[in-house]
Amino acid sequence: MTKVRIFVSYKQSVFDPQGETIKDAIHALGHDEVTAVQVGKFFDVTLDAAGDKLTAAVKEIADQLLVNFNMETYTYRVLEEA
Amino acid sequence: MRIAVVVFPGSNCDIDLYEALHSVCQADVEYVSHHEKSLAGFDAVMLPGGFSYGDYLRAGAIARFTNIMPAIIKMANEGKPVFGTCNGFQILTEAGLLPGALKRNDCQRFVCKTIPLEVVNNETVFTRQYQKHERIALPIAHADGSYYADQKTLDQLEENHQVVFRYAEENPNGSLHNIAGIVNERGNVLGMMPHPERAVEALLGSSDGLRLFKSLLANGTAKVEA
Amino acid sequence: MKQAMTPEEIKEKKPYLDWSLSEAEYNYISETLLGRLPNYTETGLFSAMWSEHCSYKKSKPVLRLFPNKNSRVLQGPGEGAGVVDIDDGQAVVFKAESHNHPTTVEPYQGAATGIGGILRDIFSMGARPIASLDSLHFGEIKNDSQMQMKVENTVRGIGDYGNCMGIPTVAGETTFDPCYQGNILCNAMSVGLMEQKDIQKGTATGIGNAVMYVGAKTGRDGIHGATFASADFSDENATQRSAVQVGDPFMEKLLLEACLELITEHPDWLVGIQDMGAAGIVSSSAEMAAEGKSGMTLNLDLVPQREPEMSAYEIMLSESQERMLLCVNKGHEDDVQKIFAFYGLEAVTIGRITAGHDYVLFHDGQEVCHIPVTSLTDDVLEEESAEKMPARIEKAAAMPAWQPQIIDAGETLRQLLQQSTIADKSSLYQQYDSQVRTNTVVGPGSDAGVIRIRGTRKGLAMTTDGNGRFVYLNPEVGGKIALVEAAANIMASGAEPLAITDCLNYGDPHDPEIFWELHHSVQGMAAACREFDTPVISGNVSLYNENNGQAIHPTPMVGMVGLVKDIDHVIPSFAQHAGDQVFIVGKTGDDYAGSELQKMLTGNISGVVNDFDLHHVHEYMRRLLAEMQTGRVASAHDLSEGGLGVALAETLFKTDLGLDLNLGHMTTAQLFSETPGRFIVTVPADQAESFAQSLGDDAVCVGEVTNSHWLALRLANGEVYQNVSELQQRWEEALPCQLKSRD
């Protein structure tokens, strides 16, 4: 079994008002050194695959379901390998 | 004209669409479950508002994997009228029947109120009974209604007159180009965040949405030619 | 089997004391009810079922004071919700419930699951929920970012759950007072509509019939939520605060549709149905068995579980949301399963109805509980409570009444409109879908919400009202005022009051002064219920609303529903046409104790709330309603917080009209007096004479509606001349501004 973490967030060009709001709240905490906050979500997917098969599966799951390419983008990394 | 109102798990404005067509317009309308695979015998299909699959993942993202979706896409490709309001609009973009996407409102909140819109294009099967640039008031009720598309898509939408409704005074959600509703290039698929089906009786505050349904019904069963 | 302690160890170590079961109760259970020591699971079941939240053991003697019957009541307290006949074979079903403790701990989920729970109570009766209301009481928000967050998250929780369910939130109230700083109140009310033939009961009968579990899986959510609701907050208790459940409105929407399909289309398959609310499986199953006078055996290994290795005790007490328990006629288990499968839901047979009256549970192949059903439900020891009049009330009676000094009435009005309790709440209620299902004739921001009943001329008006300040100063009169205020809201909309539900929010009843408040305020409410013939058909009690020993104001919330006979005669709350005559209905006295004016000018409330003639008020309210039903009234608005001054401004907001009134019979202070049972009514000029005749001495014509958009008032000792747009701007901007204020 392999556990993969897929990170989904808005594309760089898309305005992220939630991130802006959180940045303002961080500033209210006194952390003026924070210059940007981008919000995203991640999915931990456990699957019985490795190598090319794994890469292909993750790509298809992300492309077809987890990501809306009109506004979002993704990266992933392997957390645990059996 | 026989119209299908699709019921997805979590649809909740299905009754609003149904009653607007049935009680107010005396149209021939039927609920169709998402389990069904065919829309044979229907001349138009409508996707209601609500929270299909709880808006989990993204609003409208999961509904597109239901049994009924290929039949909706088929109708769209045949040039038959396909209409989605609110969550229905979100589903149409997620399914690729309309360009762009609906993001979380800029204010990060669900917003329910009646707001002014401008009818930008009155040459669609859905808007023929409106005047061009007419101001109407329709309710909105959504948390994810901020229309987003890249610049190229926006340019195309404007050039092809695909923007049908725009927010006229205030932009309640941060939509680009104040977009409230768009059609596909062929003009037979309309998606909009406001709820015309909630504005068909003066008793409930506004009847400005009525002409959208009347436009469509007056059109009979004619297809929109490519 | 996983038993944390043997029965002997339980007797010795007394873990039940932490679960709010007293030693006397434990001994009574062992010695009298069972004749043996209860095991660990049984002790847990008793502690949950005997909590105040499930058993009402302390409040029962007081609740008996309420009337709960009249010719329209089809189902009174005791079931999921009360049911009232609204003619034509139709019935309205409603109930309110508090979710104060969960909301104080985790406002978003607490409020959301509060809505979820009350909706299940409605559809478990066989009714489709058609509207929700809320009653929220927060601490002061100015410069308190924590309380501001609580407001935001509570409102978002209510909105997200109700919006997703597709049930419009059409009315409610939101107030702010320091007494709720450490313990906010979140009361939710739901109203449903049904055919009388579909009424369901939470009952289980018929030997061999199936006990079926439907909906979400069981996890370790909110174990001991029922006892948690019966314990006050202290900072030491903070670790206990994990008992908050997480809601899934999508699951609930599916559950709603599946249950209603089963109830309305297959009544012959179903014997009974009940929501798994507080104390989860144990309360629903034991109450259903007790209602049906049946025995019941459950196999807990069959309960759908979300987490591994849950003990019997955890399974039985879990408060996982979006679950229902059904009793299904033998042989129809598969049919029921198919209906739920269509909606993607599980429906599992977890037990059977048995002969006799025993409640038997198996887990991991072993019997873990074997007790009489009624020992959990009917044998609860009622508690005698000591009571004593609070010293503050005696003291206040000896003091001279506070008399406000008004220098500039216009400026006082401007300031009052910006008080958080009075200010415009649209920034909150616009987060609620108030229109879904397209029946909302009057939405939030008016005296009462009004829903039309499709296919008829009828409508339903609904409101929630609670004012802890009056009850705190004078529980009995405050209780009456709560009811009169609700009735005024309903009647100002043109509806006839039908019945009420309530949430009784109080502090720790072991304190004799708090019990006295409970007792006397219920007495006042009950007297008013009898006067208005509005029986109490459902409700709940929320005690122990304290933080570090500081109790909230006693805050009974009244949720009232009224019947509109002709939807075209719904009366708006704002002025309609220039030239209409303006009447004030009801006499204004010097009623400043507990008023917004007193709170604003002195920072506190004090004094004696004056008693009033309940029968007289009711009598002229009926005459007013009769005038409305004949179509003689253009608008009506009831007077509440901030008195006449605020109400006059409110009748002009969102219009382009003004008022020119001669109030020579009133002082500037009386402009802000909060005498109960008063209305501003506008009447077309050609109807004014007959209106004046019908109302006689109980109404006075004070002037007319103008086109100027100015509020012009001439009083005995001063005047008000204010631009309405400016007043409206202050009123609208106050709350959003205060919700962002920082030190």
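Residues numbered from 1 in each chain as written. Chains lettered and ligands numbered in written order. Predicted model: local features only at pLDDT ≥ 70, side-chain atom pairs only at ≥ 80, totals over all residues.

K.L.:
Summarise the overall build of chain B; cite the residues concerned and give the values.
P.N.:
Per the secondary structure count, chain B includes five helices and 11 strands. By the compact-globule yardstick of 17 Å for 226 residues, chain B fits well, its C-alpha radius of gyration being 16 Å. Here chain B, with 226 residues, has 59% of them falling under the buried criterion. Restricting the contact set of chain B to residue pairs at least 6 apart, pairs at least 24 apart contribute 76%. (Helix = DSSP H or I, 4+ residues; strand = E, 2+ residues; numbered from the N terminus. Rg over C-alpha atoms; globule rule 2.2 N^0.38 Å. Buried ≥ 20, exposed ≤ 12 C-beta atoms within 10 Å, placed from the backbone. Contact = placed C-beta atoms within 7 Å.)

K.L.:
Tell me about the overall build of chain C, residues and numbers included.
P.N.:
Helices and strands together make up the secondary structure of chain C, namely 25 helices and 28 strands. Over its C-alpha trace chain C gives a radius of gyration of 26 Å, about what one expects of a compact globule, namely 27 Å for 743 residues. When burial is assessed residue by residue, chain C has 62% of its 743 residues classed as buried. If you take every contact in chain C between residues at least 6 apart in sequence, the share linking residues at least 24 apart comes to 84%.

K.L.:
Explain the sheet that holds strand β13 (residues 366–372) of chain C to me, and be specific about the residues and the numbers.
P.N.:
Residue and element names in this part refer to chain C. Strand order in the open sheet made by the seven strands is β8-β10-β7-β11-β9-β12-β13, with mixed pairing throughout. Each edge of the open sheet is held by one strand with a lone partner, namely β8 (270–275) and β13. Pairwise comparison of adjacent strand axes, ignoring direction, gives a mean angle of 20° for this sheet. Summarising the sheet, strand β12 (residues 358–363) and β13 pair through six bridges and their orientation is antiparallel. (Pairing = 2+ DSSP bridges. Axes fitted to C-alpha atoms, helices over the stretch in contact; angles between N-to-C directions.)

K.L.:
Pulling in residues and values, what's your account of unusual backbone geometry?
P.N.:
Residues and elements named next belong to chain C. A positive phi angle is found at Glu322, which is not glycine, with a value near 60°. Structurally, Glu322 is set in the loop between α12 (312–317) and β10 (323–328). Given 27 C-beta atoms within a 10 Å radius, Glu322 is considered buried.

K.L.:
Tell me about the interface of chain B and chain C, and please be specific about residues and values.
P.N.:
Between chain B and chain C, the residue contacts involve 22 residues of the former and 24 residues of the latter. For the side of chain B that touches chain C, the elements supplying multiple residues, two or more each, are α1 (14–24), β6 (111–119) and β7 (135–142) of chain B. The class makeup of the residues in the side of chain B that touches chain C is 13 nonpolar, four polar and five charged. (Nonpolar A, V, L, I, M, F, W, Y, C, P; charged D, E, K, R; others polar.)

K.L.:
Please provide a residue-by-residue account of the interface of chain B and chain A, values included.
P.N.:
Counting from both sides, the interface comprises 12 residues of chain B and, opposite them, seven residues of chain A. For the side of chain B that touches chain A, the class distribution of residues is four nonpolar, three polar and five charged.

K.L.:
Could you give me a rundown of the sheet that holds strand β2 (residues 82–85) of chain C, with the residues and numbers involved?
P.N.:
Residues and elements named next belong to chain C. Taking strand neighbours across the sheet as the criterion, the six strands line up as β1-β2-β3-β6-β4-β5 in an open arrangement whose pairing is mixed. Each edge of the open sheet is held by one strand with a lone partner, namely β1 (73–75) and β5 (169–176). Neighbour-to-neighbour, the strand axes of this sheet turn through a mean angle of 20°, independent of strand direction. Bridge count for strand β3 (residues 90–98) against strand β6 (residues 185–195) is nine bridges, and the pairing is antiparallel. For Ala96, the partnering residue across the bridge sits in β6 and is Met189. Here helix α8 (residues 145–165) sits on the sheet and contacts β4 (128–138), β5 and β6; the angle it forms with β4, its principal contact strand, is near 175°.

K.L.:
Before we move on, can you summarise the pairing of strand β4 (residues 82–85) of chain B with the specific residues and values?
P.N.:
Residue and element names in this part refer to chain B. By the alternation rule, side chains of β4 split into Val82 and Gly84 and Phe83 and Thr85, which are all buried. Where strand β3 (residues 44–47) and β4 come together, three bridges link them in parallel fashion. Opposite Met46, over in β4, you have Phe83 as the bridge partner. A crossover links β3 with its parallel partner β4, the connecting element being helix α2 (residues 69–77), and its sense is right-handed. For β4 and strand β11 (residues 189–192), the ladder comprises four bridges, and the chain directions are parallel. Among the inter-strand pairings, Phe83 is bridged to a residue of β11, identified as Leu190. (Right-handed = clockwise from strand over helix to strand, strands pointing away.)

K.L.:
Any details on helix α23 (residues 643–652) of chain C? Residues and values, ideally.
P.N.:
Residues and elements named next belong to chain C. In terms of burial, α23 is largely enclosed, as 10 of its 10 residues are buried. Those residues of α23 not exposed but buried are Gly643, Leu644, Gly645, Val646, Ala647, Leu648, Ala649, Glu650, Thr651 and Leu652. Where α23 terminates, the next one or two residues include Lys654, which has phi positive at roughly 65°.

K.L.:
Residues and numbers for the confidence of the model for chain C, please.
P.N.:
Do not read the fine detail of predicted coordinates wherever pLDDT is low. Residue and element names in this part refer to chain C. Averaged over every residue, the pLDDT of chain C is 94; the share at 70 or more is 97%. Here residues 235–242 scores under 50 on pLDDT; set against residues more than four positions off or in separate chains, the count is three contacts. Predicted complex metrics record ipTM = 0.96 and pTM = 0.95. (pLDDT = per-residue confidence, 0-100.)

K.L.:
I'd love a proper account of the packing of helix α3 (residues 40–49) of chain C against helix α11 (residues 280–291) of chain C, names of residues and values included.
P.N.:
All names here are of chain C. Two elements in contact, α3 and α11, have axes separated by 10 Å at closest approach and are oriented at 80°. If you check the angle between α3 and α11, you find them roughly perpendicular. Taken together, the residues of α11 that come into contact with α3 (itself represented by Leu45, Ala48 and Met49) are Val282, Ser283 and Ala286. When the residues that make up the contact of α3 with α11 are grouped by side-chain class, the tally is five nonpolar, one polar and no charged. (Parallel < 35°, antiparallel > 145°, perpendicular 65-115°, else oblique.)

K.L.:
Mind laying out the pairing of strand β27 (residues 710–715) of chain C, listing which residues take part and the relevant values?
P.N.:
Along a regular strand, successive side chains alternate from one face of the sheet to the other. Residue and element names in this part refer to chain C. The alternating pattern of β27 places Leu711, Leu713 and Leu715 on a buried face and Trp710, Ala712 and Arg714 on a face that is not buried. Where strand β24 (residues 658–663) and β27 come together, five bridges link them in parallel fashion. What sits directly across from Leu663, in β27, is Leu715. Where β27 hands over to strand β28 (residues 718–723), the hairpin turn is made up of two residues, counted between the paired strands.

K.L.:
Lay out the environment of Lys565(C) with the relevant residues and their values.
P.N.:
Residue and element names in this part refer to chain C. Examined against the element boundaries, Lys565 turns out to sit in the loop between β21 (555–564) and β22 (581–585). Sequence separation between Lys565 and Gln729 is 164 residues; the distance between their C-alpha atoms is 36 Å. When sequence neighbours within four positions are dropped, the list of residues in contact with Lys565 reads Lys458 and Gln629.

K.L.:
Outline the environment of Pro390(C), listing residues and values.
P.N.:
All names here are of chain C. Along the polypeptide, Pro390 turns up in the loop between α14 (373–377) and α15 (391–398). Overall, the presence of 17 C-beta atoms within 10 Å leaves Pro390 in the partly exposed class. Each C-alpha atom of the pair Pro390 and Leu625 lies 39 Å from the other, and the pair is 235 residues apart in sequence. Beyond its immediate chain neighbours, meaning those up to four positions away, Pro390 contacts Glu513 and Trp516.

K.L.:
Outline the environment of Gly643(C), supporting the account with residue identities and numerical values.
P.N.:
Residues and elements named next belong to chain C. Within the fold, Gly643 resides in helix α23. Placed 35 residues apart in sequence, Gly643 and Arg678 show a C-alpha to C-alpha distance of 9.0 Å. For Gly643, the contacting residues outside a window of four places in its chain are Leu671, Phe672, Ser673 and Glu674.

K.L.:
So what about the packing of helix α7 (residues 107–123) of chain C against helix α10 (residues 249–265) of chain C? Which residues, and what values?
P.N.:
For any two helices packed against each other, the geometry is given by the interaxial angle and the distance between the axes. Residue and element names in this part refer to chain C. The interhelical angle for the contact between α7 and α10, taken along N-to-C directions, is 5°, at an axis separation of 11 Å. In terms of axis orientation, α7 runs roughly parallel to α10. The segment α7 lies against α10, with Gly116, Leu119 and Phe123 engaging Pro249, Glu252, Leu256, Cys259 and Leu260. Looking at the contact of α7 with α10, its residues break down into six nonpolar, one polar and one charged.

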